[in-house]
Amino acid sequence: MRDRILILGGTAEAAALARRLVDEGETVITSLAGRLPSPPSLAGQVRVGGFGGVDGLAAWLAENAITRVIDATHPFAAVISAHAAAACARLGLPLRRLERPVWRKHPGDRWHWADSLEMAARMAPGLGRRILLTVGAGSLAPFTRFGGPFYLLRLLAAPAPLAFPRYRVVIDRGPFVPADEMALMRRFAIDLLVSKASGGAATEAKIIAARRLGLRVLLVGRP
Ligand code: NAP
């Protein structure tokens, strides 16, 4: 029997993997949560929206005769990863996790760590006055509670009105290159970058740019 592969996606790595597997002749369905604008094009089939917890995911896997699951979701998407593990265990389906390599600290890097978004939000005003915040639309709320700095928010789509006292939004989608990241940081006189410690090459340009400009970086550890 031919494989029918479900990729839990929403990342650049998931899109690249779908492309590769489709080119190899595999049947691939990529699942997206549907809260972010979809990537421009995805190889293979695409389904959008939550499954309805572990039970919903298990039912969907059975109904769609999936034979293998690849969890290529973002490192901070911990709920869907746990659901995938539980549903695959229940059905006896093979599950693989596509894990991004962590970013390596270089000599001279001025990295600070927070264990959670809430902790990062409390720390940020003590580390910078003009902050580039790249944690994603779903993770902004804690940062609105600690006013003071100017926040430059980079997002995939225009947000609903936000409760930051002082902020600007730039709408952009990677992949980015360090030179452009440096130009953005210089243009807005950024003195602190706040990022999830997502790892991987696709979003590392901002880390490299901060390194080259000697800026502080506040990283939120992976869940
Ligand atoms: P999450 O907290 O782990 O999941 C919350 C719920 O969203 C899940 O219980 C599931 O709903 C649904 N869901 C999540 N990913 C899904 C997928 N690929 N296909 C179908 N349903 C999915 O996830 P999150 O952190 O909100 O992230 C949502 C999506 O955005 C993920 O696919 C992730 O790869 C992508 N993303 C996340 C981040 C981030 O920083 N968290 C950054 C970039 C991209 P049901 O229980 O109803 O099935």
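In this text the structure is predicted, and so the values were computed from the model without any measurement. (Residues numbered from 1 in each chain as written. Predicted model: local features only at pLDDT ≥ 70, side-chain atom pairs only at ≥ 80, totals over all residues. Heavy atoms only, no water.)

Draft legend 1. Examining the overall build of the protein more closely. When its secondary structure is counted, the protein shows seven helices and 11 strands. The C-alpha radius of gyration of the protein comes to 19 Å, within 12% of the 17 Å expected for a compact globule of 223 residues. Seen through its C-alpha atoms, the protein measures out along the principal axes to roughly 60 × 30 × 30 Å. The 223 residues of the protein split such that 43% are buried. When contacts within the protein are restricted to residue pairs at least 6 apart in sequence, those whose partners lie at least 24 apart make up 61%. Of the roughly 11100 Å² that the protein leaves accessible, carbon and sulfur atoms contribute 55%. Of the charged side chains in the protein, 30 are positive and 17 negative, and the gap between their average positions amounts to 7 Å. (Helix = DSSP H or I, 4+ residues; strand = E, 2+ residues; numbered from the N terminus. Rg over C-alpha atoms; globule rule 2.2 N^0.38 Å. Buried < 20%, exposed > 50% of the residue type's maximum accessible area, 1.4 Å probe, protein only. Contact = heavy atoms within 4.5 Å. Areas by Shrake-Rupley, 256 points an atom, 1.4 Å probe, with all protein chains shown as cover. Lys, Arg positive; Asp, Glu negative; His and termini not counted. Charge placed at Lys NZ, Arg CZ, Asp CG, Glu CD.)

Draft legend 2. Inspection of the pattern of salt bridges at higher detail. According to the stated counting rule, one finds 10 salt bridges in the structure shown. Here Glu13 and Arg100 are joined by a salt bridge, their closest N and O atoms 3.1 Å apart. With Glu13 in helix α1 (residues 12–23) and Arg100 in the loop between β5 (95–97) and β6 (110–114), the pair connects residues that are 87 residues apart, well separated along the chain. Exposure remark for Arg100: the relative accessible area of 11% places this residue in the buried category. For the salt bridge of Arg97 with Asp71, the shortest nitrogen-to-oxygen distance reads 3.0 Å. With Arg97 in strand β5 and Asp71 in strand β4 (residues 68–71), this residue pair connects regions lying 26 residues apart in the sequence. A residue is classified by how much of its surface remains accessible, and Asp71, at 3% relative accessible area, is buried. (Salt bridge = Lys/Arg side-chain N within 4 Å of Asp/Glu carboxyl O.)

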